[in-house]
Amino acid sequence: MMTVKNLLEKNQHVNGWRITEKATLSYELFFVHQSLETVRATDTVSTSVTVYVDHDGAKGDSTFAVYQSMTEADIAAKIEAAVARAKLVSNQPYDLPEAGEVTAELPTNMKDCDMKELGVKIADAVFAADTLPGGSINACEIFLYRDTVRVLNSRGVDKTQVTHRAMIEAIPTFTTEKESVELYEDYRFTQFDAAKITAEIAEKMQEVKARSEAVKPAVPMTVNVILRPLEISELISELAWDLNYASVYSHANLHHQGDDLQKDGTGDKLTLTLKAVVEGSEKSACFDDDGLALTDTCLIENGVVKNYFGASRFGQYLNVEKPSGSLRCAQVAPGTLPMADMKRQPCLDIVSMSGLQLDLYNDYIGGEIRLAYYFDGEKTVPVTGITMSAKLSEALSSMNLSTETGVSGEYDGPQRMLLKDIAVL
Amino acid sequence: MPFSAYLNQQRENCAALVEALGKHFQYVSILGTDVHATMIRADRRSSAVQDGAGECGFVVKMHDGKAFYEYSLDDISGDKAALAEKILAAVQADPALEGRMISAAAVADEPMVKDFVRESDFDQYTDEQLLGICQELGKELQAKDEKILNAMVAIQPYVVSKLFVTKNRQLSQHYSWANGYLMVVYGGEKMVQARHGEGADNLAGIIANLKNNTDEVVDLARHLAKATPIEPGVYDVITDSSISGLIAHEAFGHGVEMDQFVKDRALAKNCMGEYVASPITNMHDGAAATHSVASYFFDDDGVLAHDTQIIKDGILVAGLSDLASATQLGTDPTGNGRRDSYKRKAYSRMTNTFFEPGKDKLEDMIASIKHGYMLFETNNGMEDPKNWQIQCTAEYGIEIVDGKLTDHYVSPVVMSGSVPELLKSISMVSDQFKVIGAGMCGKGYKEWVRVADGGPNLKVRVKLG
């Protein structure tokens with residue numbers, strides 16, 4: 001990194017620069033059923049350099065990758081090429097983030113663990129849940145990572161953060177004489193808890209058993225639908241992404257400050273804050289790709305758009321006094337309805353979807369439901385083979401959020417969202 | 001632009017590391033990658049010329065007569081014995097797992113030495129020329145309608161060099177591909193985005209096609225601004241090539257990735273030789289099956305590119321495999337072992353996936369529908385190889401009434417249902433054929449690779465919502 005820095009500082013055509021280096025150590029286990037098929041390890045470094053050139057009253061920039069294999073002469077040539085490219089680019093001027101030094105380790109209990117030993121503990125925790133008669137875990141992939149990200153720039157930024165993270169991809173399966181069904185589990189964490197992993201997989205095993213018993217209900221019907229954290233998180237991400245500075249600057253955002261997303265709403269009002277750190281989330285960070293310190297930012301308060309968020313450059317374009325940085329975690333305020341109360345009326349409690357389909361522009365929310373529990377007012381049965389479809393604005397206006405909250409991926413908030421009167425086919 | 005000079009210099013290093021690791025493993029391969037991607041983009045208020053997502057590094061794959069081991073690293077220069085010891089220590093399983101290894105058969109290492117090259121015209125264009133084209137096209141789009149809030153034009157070339165070395169095999173390949181995009185943000189009755197994508201191994205073709213499609217993308221934006229939600233229901237549907245390709249990809253592309261057979265994750269494993277689609281249905285996958293974005297010469301396991309017919313006259317006849325899955329299943333690998341990058345594992349992956357053209361005329365297919373929709377442009381899809389459910393999202397559809405396309409657009413359109421029901425409902429197949437090389441495909445929610453999908457127009461009956 002220091003060679004790159006020296007070469008950048010020597011080049012008189014470079015008015016500013018940024019170096020981002022990400023070093024990753026990983027240990028990975030790939031199981032077929034309960035047998036180990038592949039063991040992987042990686043030791044790699046990615047280095048990205050951005051060169052800034054002020055010309056003709058504008059600022060140009062260009063980014064290139066530096067590989068370990070490059071010689072000093074190779075890197076010098078890449079800098080020259082990047083200067084030439086940056087001179088072709090004429091963007092509105094902006095400043096790079098100013099000096100700041102940080103060395104941070106994001107919260108984890110895995111930093112002192114030997115990756116190989118931890119891999120075994122995680123595998124044992126997963127397979128401890130493989131006890132259901134008729135059930136099996138047909139595949140399991142375990143990834144353990146230690147990422148060290150360092151950002152330097154020409155204005156004195158020198159920030160480093162270390163993240164320890166793990167991911168489990170497991171395929172709980174249930175087989176009867178008639179058929180075999182599966183669900184997909186993607187579980188990511190920064191705090192190792194064997195009992196929590198076993199409980200998470202065991203819950204999926206029960207759900208996949210339910211999928212084997214699921215029937216297609218009488219459709220079409222209009223029913224209240226309950227979403228779980230994965231789908232809530234996708235919806236929240238979509239709403240948030242629309243409010244980033246770059247979208248606003250390029251006139252691509254649908255919603256604007258002051259807009260009420262839940263006009264004439266009868267349900268819980270949405271309050272959404274983007275956060276730098278959510279404990280347990282692998283997306284937590286102290287600073288963004290520019291080295292800008294992240295500032296928690298409330299985007300939507302009681303259903304009304306309050307702020308935008310994003311990278312320093314586009315924040316400056318919008319005259320934001322203190323740009324938030326590219327925040328990646330979201331926190332939603334709890335709602336008013338306990339999860340148990342959501343299920344007192346007829347409802348479709350969705351366990352697994354093919355993928356929530358969202359289209360803000362066309363005001364759409366929908367998707368194929370792989371497994372849900374349908375409560376018709378008297379009894380609950382597992383159902384499958386159905387599709388939901390609704391106007392997003394109407395669904396948001398009347399939605400309720402659960403009082404119970406928790407962390408799932410980059411989302412921290414209500415564990416259930418109730419959408420009312422949704423068409424199901 | 002020639003094969004990577006850097007990788008060329010690493011041939012001896014690779015051979016020496018293979019030899020050093022060969023003392024510990026029955027089979028050792030090294031894949032070296034040097035991929036350069038460029039992103040050139042202009043919109044109304046900003047522009048960029050920079051490196052895209054490239055890579056340069058090595059992945060070592062080893063087999064000890066039982067399980068597989070892989071190690072990814074950036075540099076293989078230096079003392080090979082020391083590096084081999086480092087790799088050995090890194091991939092060694094914890095003693096607690098040693099009794100839980102699979103036992104796969106020996107890996108074949110057929111001798112071959114060959115260098116493959118596919119030329120492109122990329123050297124004929126400078127960054128300045130390409131950025132100028134993007135800026136000009138952006139201005140042209142912007143001038144077509146005052147309701148256009150922003151117009152973005154991008155050209156993204158990438159150049160691939162890969163080196164594959166084992167004890168008996170030394171292969172190299174060098175090829176290029178580029179994608180081009182037009183996108184407008186339109187503020188009509190509602191704000192919409194309309195897109196057009198191109199892919200080719202020559203920039204001249206991409207630039208010409210982008211220029212030829214500026215009117216179309218603006219016209220599409222105007223229609224999308226008036227589009228309504230579709231009334232959910234079961235309809236007769238005509239697919240464009242991109243939606244046909246999406247069906248092929250999601251239905252029996254993922255469904256026949258044979259690493260899923262090993263894990264008992266694919267229903268198709270038990271359906272070989274059975275009718276899974278209408279008898280007029282034929283489907284292929286392969287890097288050598290057609291010329292598009294995934295047309296390489298050998299895969300990331302060093303297996304030469306294939307043309308695999310997956311469905312023949314409605315009958316499921318073959319699957320797609322990487323080296324590890326083929327070794328475990330006792331079959332020949334089909335050249336479908338692909339990696340997200342040298343940092344990731346090789347899996348069985350699709351390449352260029354498509355239905356064969358048929359004999360029907362598109363106008364006859366439309367005329368055969370009393371009330372239905374013609375669907376256009378892939379947005380996304382999701383597979384379910386175990387349970388054969390499918391979800392495909394089209395950017396938009398046009399209503400067909402009394403055998404004619406109307407001016408009524410619907411957007412977005414989510415097509416879902418059972419794979420066999422959908423494929424067995426194919427009643428007409430057009431004589432047109434197009435493969436679109438602009439897609440990315442994940443396995444689960446990771447492991448992204450470039451893929452192409454396509455085929456003719458299909459007439460199907462399916463649930464839309």
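A brief structural summary.

What counts and how
Residues numbered from 1 in each chain as written. Chains lettered and ligands numbered in written order. Predicted model: local features only at pLDDT ≥ 70, side-chain atom pairs only at ≥ 80, totals over all residues. Heavy atoms only, no water. 1 Å grid on protein atoms, 1.4 Å probe; cavity = no way out; pocket = protein on both sides within 12 Å on 5 of 7 lines; lining within 4 Å. Points joined across faces, edges and corners; volume = space filled by probe spheres on them. Helix = DSSP H or I, 4+ residues; strand = E, 2+ residues; numbered from the N terminus. Nonpolar A, V, L, I, M, F, W, Y, C, P; charged D, E, K, R; others polar. Axes fitted to C-alpha atoms, helices over the stretch in contact; angles between N-to-C directions. Left-handed = near helix turned anticlockwise from the far one by under 90°. Contact = heavy atoms within 4.5 Å. Buried area = accessible area lost by both parts, 1.4 Å probe. Salt bridge = Lys/Arg side-chain N within 4 Å of Asp/Glu carboxyl O. Polar contact = N/O pair within 3.5 Å; in protein donor to acceptor, adjacent residues only side chain to side chain. Expected span 1.5 Å × (residues − 1). Buried < 20%, exposed > 50% of the residue type's maximum accessible area, 1.4 Å probe, protein only. Arc of directions from axis to C-beta.

Observations regarding empty space enclosed by the protein
As enumerated under the stated definition, the model contains five cavities of 30 Å³ or more in all. Reported here for the largest cavity is a volume of approximately 140 Å³. Contributing to the lining of the largest cavity are 18 residues, with A:Glu169, B:Gln260, B:Lys263, B:Arg265 and B:Lys443 lying nearest its centre. Ranked by residue count, the leading element in the lining of the largest cavity is strand β5 (residues 135–153) of chain A, at three residues. Across the lining of the largest cavity, the residue classes break down as six nonpolar, three polar and nine charged. Considering only enclosed or pocket space, the second largest cavity measures out at about 50 Å³ in volume. Grouping the constituent residues of the lining of the second largest cavity by class yields four nonpolar, six polar and one charged.

Quick word on the packing of helix α3 (residues 115–127) of chain A against helix α4 (residues 194–213) of chain A
Residues and elements named next belong to chain A. Their axes nearest at 7 Å, the elements α3 and α4 cross at an angle of 35 degrees. Remark: the crossing between α3 and α4 carries right-handed chirality. Residues Ile122, Ala125 and Val126 of α3 lie in contact with α4, whose contacting residues are Ala194, Ile197, Thr198 and Ile201. Grouping the constituent residues of the contact of α3 with α4 by class yields six nonpolar, one polar and no charged.

A short note on the interface of chain A and chain B
Taken together, the contact between chain A and chain B spans 77 residues of the former and 84 residues of the latter. Carbon and sulfur atoms make up 50% of the area that chain A and chain B hide from each other, which totals about 6,800 Å². With its nearest N and O atoms 3.3 Å apart, the salt bridge here joins B:Arg100 to A:Asp124. On inspection of chain A and its partner chain B, the count reaches 52 residue pairs in polar contact (both at pLDDT 80 or more). Counting residues per element, the side of chain A that touches chain B draws most heavily on strand β2 (residues 35–55) of chain A, which supplies 12 residues.

Details of helix α3 (residues 80–91) of chain B
Every α-helix winds through 3.6 residues per turn, so residues three or four apart in the chain are directed the same way. Its 12 residues give α3(B) an end-to-end C-alpha distance of 16 Å, which sits within 8% of 16 Å, the value for a rise of 1.5 Å per residue. The complete set of buried residues in α3(B) reads B:Lys80, B:Leu83, B:Ala84, B:Ile87 and B:Val91. For α3(B), the buried positions fall inside an angular range of 100 degrees around the axis, keeping them on one side. Buried-residue contacts for α3(B) involve β2 of chain A together with α2 (11–21), β3 (55–63) and β4 (68–73) of chain B. N-cap assignment for α3(B): the residue whose side-chain oxygen lies 3.0 Å from the backbone N of B:Ala81 is B:Asp79.

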